Amino acid sequence: MIAASLRAETAADASERSAAVDQILAATRLVASDEWISRGAARAFARCGRTDLALREIARMFDYAPDSAATTLAQVEPFVAPDQLESSLPESPAAWLAWSVRLRADGRHDKADARLAALLERWPGDLPALRVAASVAAGRERIDEVLRLVPPTLVLQETAENASLLVFRARSKGASGDAAGARADALRAIALSGGDSWVLVLAGDALVSSEPALARDYWTRALYRLLEKPG
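Structure report, in brief. Bear in mind the structure is a predicted one, so any value in this text is a computation, not a measurement.

1. Let's talk about the packing of aromatic side chains
Here comes step 1: Overall, the coordinates contain one aromatic pair when judged by the stated rule.
Here comes step 2: Geometrically, the ring pair formed by W96 and W123 is edge-to-face, given 5.0 Å between the ring centres and 80 degrees between the ring planes. Taken together, the residues W96 in helix α7 (residues 93-105) and W123 in the loop between α8 (109-122) and α9 (127-139) connect sequence positions 27 residues apart.
Here comes step 3: Using a relative accessible area of 22% as the deciding quantity, one classes W123 as partly exposed.
Here comes step 4: Over the ring of W96 we find R115, and its NZ or CZ is 4.8 Å from the ring centre.

2. A closer look at unusual backbone geometry
One can expect most non-glycine residues to show negative phi and most peptide bonds to be in trans.
Here comes step 1: The phi torsion at E141 lies on the positive side, around 60 degrees, for a residue other than glycine.
Here comes step 2: Assignment of secondary structure puts E141 in the loop between α9 and α10 (143-149).

3. Details of helix α1 (residues 2-10)
Here comes step 1: Those residues of α1 not exposed but buried are A4, S5 and A8. In an axial view of α1, the angular spread of the buried residues amounts to 100 degrees, which keeps them on one side of the axis. Of the residues in α1, the exposed ones pointing more than 90 degrees away from the buried face are I2, L6, E9 and T10.

4. Comments concerning the nonpolar core
Here comes step 1: If you look at the biggest cluster of nonpolar residues, it comprises 69 residues, and the most contacted ones within it are M1, F62, L73 and W99.
Here comes step 2: With residues up to four places along the chain from it excluded, the contact list for W99 reads A70, L73, A74, E77, L85, L89, R108 and R115.

5. Let's talk about the environment of R183
Here comes step 1: Position of R183 among the secondary structure elements: in helix α12 (residues 179-193).
Here comes step 2: R183 sits in the partly exposed class, given a relative accessible area of 34%.
Here comes step 3: Spatially, the C-alpha atoms of R183 and L214 are 9.7 Å apart, while their sequence positions differ by 31 residues.
Here comes step 4: Every residue in contact with R183, bar those within four places of it in the chain, is listed here: L207, E211 and L214.

6. Digging into the pattern of salt bridges
Here comes step 1: Enumeration over the complete set of coordinates arrives at 19 salt bridges.
Here comes step 2: As a salt-bridge pair, R171 and E141 come within 3.2 Å of each other at their nearest N and O atoms. With a gap of 30 residues between them, R171 in helix α11 (residues 163-175) and E141 in the loop between α9 and α10 connect regions that are remote in the sequence.
Here comes step 3: Note on E141: relative accessible area 52%, which makes it exposed.
Here comes step 4: Salt bridges linked by common partners bring E77, R102, D106 and R108 together as one network.

Rules used in this analysis
- Residues numbered from 1 in each chain as written.
- Predicted model: local features only at pLDDT ≥ 70, side-chain atom pairs only at ≥ 80, totals over all residues.
- Heavy atoms only, no water.
- Phe/Tyr/Trp six-rings, centres within 6.5 Å; stacked < 30°, edge-to-face > 60°.
- Helix = DSSP H or I, 4+ residues; strand = E, 2+ residues; numbered from the N terminus.
- Buried < 20%, exposed > 50% of the residue type's maximum accessible area, 1.4 Å probe, protein only.
- Lys NZ or Arg CZ within 6 Å of the ring centre and 35° of its normal.
- Arc of directions from axis to C-beta.
- Core = buried A, V, L, I, M, F, W, Y, C linked by side-chain atoms within 4.5 Å.
- Contact = heavy atoms within 4.5 Å.
- Salt bridge = Lys/Arg side-chain N within 4 Å of Asp/Glu carboxyl O.

In structure tokens:
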């Protein structure tokens with residue numbers, strides 16, 4: 001793959017680019033799912049003008065490494081027509097979510113919001129997408145949107161993975177006047193997450209109106225947790 005990438009970088013004519021493409025294809029045939037190989041292959045294909053092969057490799061990568069696939073798609077995006085890029089995204093919530101997260105990281109918030117909204121319309125029960133959407137809404141202080149995404153009546157399994165959704169449900173309950181329910185969800189979310197700093201912050205947000213002293217305690221604990229981590 002390294003040799004093929006160098007060949008793609010230095011190719012001076014169509015025959016050299018064609019030889020590089022053959023070498024890249026040989027590399028991808030040797031492994032079924034290698035993130036590093038797939039990323040290098042997609043970039044090298046794009047440099048050789050074979051965006052069809054680049055997008056095919058990225059689509060395959062979305063099956064086993066969606067975040068890396070989204071990053072690679074952003075890297076080859078300048079070589080690809082918009083309709084071609086859209087059709088290359090696999091029909092899966094993981095792929096659409098990874099692309100939405102990548103768009104947001106690149107500062108393209110409107111496109112990220114649109115992709116996330118389309119995902120939730122297509123797969124309304126997808127919990128990873130709900131977590132991201134609720135986080136975005138809470139970060140913008142759009143409590144009505146949090147209430148819509150994670151209503152007080154939403155049934156959730158009490159797992160570590162669902163801790164952030166539980167604490168968003170706590171915020172919805174608090175906004176709906178159910179202080180006891182908000183407190184119970186916040187306490188359970190903190191326990192399930194092992195005292196994760198982000199969950200502590202959200203728990204404070206959920207309880208600030210009904211129990212400001214407890215909210216302040218959660219925020220202080222979150223601050224100490226964050227200060228323990230470099231950066």
